[in-house]
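Residue-level structural notes
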Amino acid sequence: MRRCLAAWCMLLLVLSASGSRTAQPEVPKNGYVPDEATAIRIAEAVFIPIYGEKQVRSEGPFNARVEGDHWVVSGTLPRSSKPNVLILGGSMTAEINRMTGCIQAVYHMK
């Protein structure tokens, strides 16, 4: 009887110890992307392989705003050197989940 009880205790210890190794880490209070600077760095890291470093640099500086549970990071349209002249076009944009850091979408407006 003692051997059986000891075996069950050992089994419970092993199962409880193995369960703690598979536990997910706690998500930081403000998520993995807590601020604008972090969102911009993540977006730039995603933009460069897609659009190329030269194009990414040409659309900076980037700005980030929170929309619900996502950061929306967008480039800046170039300004004309002539007054009252609009430059048509769009900029690259990334949507990043604030809590997980997952990229939800990447696109370039035209």
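See above for the structure.
Structure report, in brief. (Residues numbered from 1 in each chain as written. Predicted model: local features only at pLDDT ≥ 70, side-chain atom pairs only at ≥ 80, totals over all residues. Heavy atoms only, no water.)

**As for the overall build of the protein chain**
Our working definition: Put simply, DSSP marks the helices as runs of H or I at least four residues long and the strands as runs of E at least two long, and each gets a number from the N terminus on. A simple rule labels every residue: compare its accessible area, found with a 1.4 Å probe on the protein chains alone, to the largest value its type can have, and call it buried under 20%, exposed over 50%, or partly exposed in between. In this analysis, two residues are considered to be in contact whenever any of their non-hydrogen atoms come within 4.5 Å of each other. In these tables, accessible area is a Shrake-Rupley quantity obtained with a 1.4 Å probe, and a residue counts as shielded only by the protein chains included in the view.
Within the protein chain one finds 3 helices and 4 strands. Taken from the N to the C terminus, the helices and strands of the protein chain come in the order α-α-α-β-β-β-β. Going through the 110 residues of the protein chain one by one, you find that 22% of them count as buried. The long-range share in the protein chain, meaning contacts at least 24 apart out of those at least 6 apart in sequence, stands at 45%. Entry remark: accessible area of the protein chain is about 8200 Å², with carbon and sulfur atoms responsible for 61%.

**A look at the pattern of salt bridges**
Going by this rule: By convention in these notes, a salt bridge is any Lys or Arg side-chain nitrogen within 4 Å of a carboxyl oxygen on Asp or Glu.
Overall, the coordinates contain 3 salt bridges when judged by the stated rule. One salt bridge in this structure joins Arg57 and Glu44, with 3.7 Å as the shortest N-O distance. Residue Arg57 is located in helix α3 (residues 53-58), and its partner Glu44 is located in helix α2 (residues 36-51); the two are separated by 13 residues in the primary sequence. Accessibility expressed as a relative area gives 21% for Glu44, which makes it partly exposed. Linking Glu67 and Arg65 is a salt bridge whose minimum nitrogen-to-oxygen distance equals 2.9 Å. We classify Glu67 as partly exposed; its relative accessible area is 41%. When its relative accessible area of 39% is taken as the criterion, Arg65 is described as partly exposed.

**Details of α2**
We count it as follows: Every helix has an expected span of 1.5 Å times one less than the residues it contains.
Over its 16 residues, α2 extends 21 Å from the first C-alpha to the last, a length consistent with the 22 Å expected when each residue adds 1.5 Å. All buried positions along α2 are accounted for by Thr38, Ala39, Ile40, Ala43 and Phe47. In this structure, the buried side of α2 is in contact with α3, β1 (63-67), β2 (70-74), β3 (92-97) and β4 (103-108). Remark: Gly52 follows α2 within two positions and exhibits a positive phi of approximately 90 degrees.

**As for the pairing of β3**
What counts, and what does not: One requirement defines pairing of two strands: DSSP has to find at least two bridges between them.
Counting buried residues along β3, 5 of its 6 residues qualify, which places the element largely inside the surrounding structure. Alignment of β2 against β3, held across 5 bridges, turns out to be antiparallel. Across the sheet, Ser74 pairs through a bridge with Thr93, a residue of β3. Relative to β4, β3 runs antiparallel, the two sharing 5 bridges. Note that in β4 the partner of Thr93 across the bridge is Tyr107. Between β3 and β4, which pair antiparallel in sequence order, lie 5 residues; one of them, Gly101, sits at a positive phi of approximately 80 degrees.

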